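Descriptive structure summary
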Amino acid sequence: MNNLENAKKIAAEKALDFVENGMVLGLGTGSTVKYFLEALGREIKGGNLKEVIGIPSSKNTERISRELGIPLATLDEYHEIDLDVDGADEVDEKFNLIKGGGGAHTREKIVATASKKFVVIVDERKLVGKFTFPVPVEVLKFSKKLVEDQLREMGGVPKLRENFLTDEGNIILDTKFLVIQAEKLEVRINEISGVLENGIFSRRKPEKVVVGYRDGKVKVMERK
Ligand code: 5RP
């Protein structure tokens, strides 16, 4: 395993410190979360964690979790989640996030919003002073042109994510902005008719960000 993968893995494994018996867990999506699922599966199998139930944020996470023997439920069955563990594409100093590199941000935001605690696991590359990642915007196919026009009016440069549909069957417009004022932009993009959700998380920020470093260190940062 290279240093970067190890950085993801140690951040993911550290997040297990916050998991307790009997918890309902939000299960995020992505390559960092996969390490969390593997560690969680091991703890459940080994009997160290009991009566834990996961609410997966994507079909992919659902499939991996099933393979690992993690008991699952739906948001209809449990609408209050104790702890959500998820990755991110960028994290700024105020713990605003950009998510959706894997295209699951709509469900991920629903799960994070339904969670009492939200912990994000990242490798050190994801910590930024200023966002540069294109904002993933999930859009109904029907409204593609209209949404693109409005994103351009807002100063964005939308680009269709090729050969990709979300779990809900929608398209993603990855939209580059020169300046991202997280709170304003999150709300404004969602006001466009035809937009389901965008990948800025400024209203549901994590309480903790666990960062794995390529030199093998891991740090838990708390929101002030
Ligand atoms: C998926 C996400 C992921 O959490 C984000 O893309 C980070 O993924 P990775 O851990 O693979 O870098 O938001 O929609």
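I will try to describe carefully the structure that is included in this document. Counting starts from 1 at the beginning of each chain's written sequence and moves along it residue by residue. Given that the model is predicted, a residue must reach a pLDDT of at least 70 before its local features are reported, and side-chain atom pairs must reach 80 or more before they are shown or counted; all residues, however, enter totals for whole chains, interfaces and linings. Derived side-chain values reflect all non-hydrogen atoms in the structure, with water molecules and hydrogen atoms excluded from consideration.

Quick look at the sheet that holds strand β7 (residues 135-139)
By definition, two strands form a pair when at least two bridges between them are found by DSSP. The helix count covers DSSP runs of H or I at least four residues long, the strand count covers runs of E at least two residues long, and both are numbered beginning at the N terminus. Pairing in this open sheet of four strands is antiparallel, and the strands run β8-β9-β7-β10 from one edge to the other. A strand with exactly one partner marks an edge of an open sheet, and here the two such strands are β8 (157-160) and β10 (195-198). On average, adjacent strands in this sheet sit at an angle of 30 degrees to one another, irrespective of strand direction. Direction of pairing for β7 relative to strand β9 (residues 171-176): antiparallel, over a ladder of five bridges. By the bridge assignment for β9, valine 135 is matched with threonine 175. Geometry is summarised by axes, namely lines fitted to C-alpha atoms with helices restricted to the contacting stretch, and by angles between N-to-C directions that run from 0 to 180 degrees.

Topic: the site of the ligand
Residues are classed as near a molecule or strand on a simple rule: at least one heavy atom within 4 Å of it. Not every one of the 17 residues close to the ligand is listed here, only the nearest: Ser31, Thr32, Asp89, Gly100 and Lys126. Side-chain atoms alone can form a polar contact between residues adjacent in sequence; in general such a contact is a pair of N or O atoms within 3.5 Å, and within protein one must be able to donate a hydrogen while the other accepts it. A distance of 3.1 Å separates an oxygen atom of the ligand from a polar side-chain atom of glutamate 108. The protein chains hide 90% of the 380 Å² of surface that the ligand would expose on its own. Breaking the shell around the ligand down by element, the ones donating at least two residues are α2 (31-45) and α4 (105-113). Lys, Arg, Asp and Glu make up the charged group, whereas Ala, Val, Leu, Ile, Met, Phe, Trp, Tyr, Cys and Pro make up the nonpolar group; the residues left over, Gly among them, are polar. Residue composition of the shell around the ligand, grouped by class: two nonpolar, ten polar and five charged. What sets the accessible areas is the Shrake-Rupley method with a 1.4 Å probe; for residues, cover comes only from the shown protein chains.

Examining the packing of aromatic side chains
When two rings of Phe, Tyr or Trp (its six-membered ring) have centres within 6.5 Å they constitute a pair, described as stacked for plane angles under 30 degrees, edge-to-face for angles over 60, and tilted for the intermediate range. The tally for this structure, following the rule as stated, stands at one aromatic pair. Consider the rings of phenylalanine 118 and phenylalanine 201, whose centres lie 6.3 Å apart with planes at 40 degrees: the pair is tilted. Here the residue phenylalanine 118 occupies a position in strand β6 (residues 115-123), and phenylalanine 201 occupies one in strand β11 (residues 200-201), the gap between them amounting to 83 residues. Each residue gets one of three labels from its accessible area relative to the maximum for its type: buried under 20%, exposed over 50%, partly exposed in between, using a 1.4 Å probe on protein chains only. Residue phenylalanine 118 is classed as buried on the basis of its relative accessible area, which comes to 0%. A residue is classified by how much of its surface remains accessible, and phenylalanine 201, at 1% relative accessible area, is buried. Lysine and arginine charges are scored as sitting over a ring when NZ or CZ, respectively, is within 6 Å of the ring centre and within 35 degrees of the ring normal. The ring of phenylalanine 201 is capped by lysine 109, whose NZ or CZ atom sits 5.2 Å from the centre of that ring.

Section: the nonpolar core
Core analysis: the largest hydrophobic core is formed by 24 residues, its most contacted members being Val19, Leu25, Phe36, Leu40 and Ile121. Of all the secondary structure elements, the ones that give two or more residues to this core are α1 (3-14), β1 (24-27), α2, β3 (81-86) and β6. Per element, the largest residue contribution to this core is seven residues, and it comes from α2. Side-chain atoms within 4.5 Å link the members of a nonpolar core, which is a set of buried Ala, Val, Leu, Ile, Met, Phe, Trp, Tyr and Cys residues.

None of this, on its own, says anything about what the molecule does.
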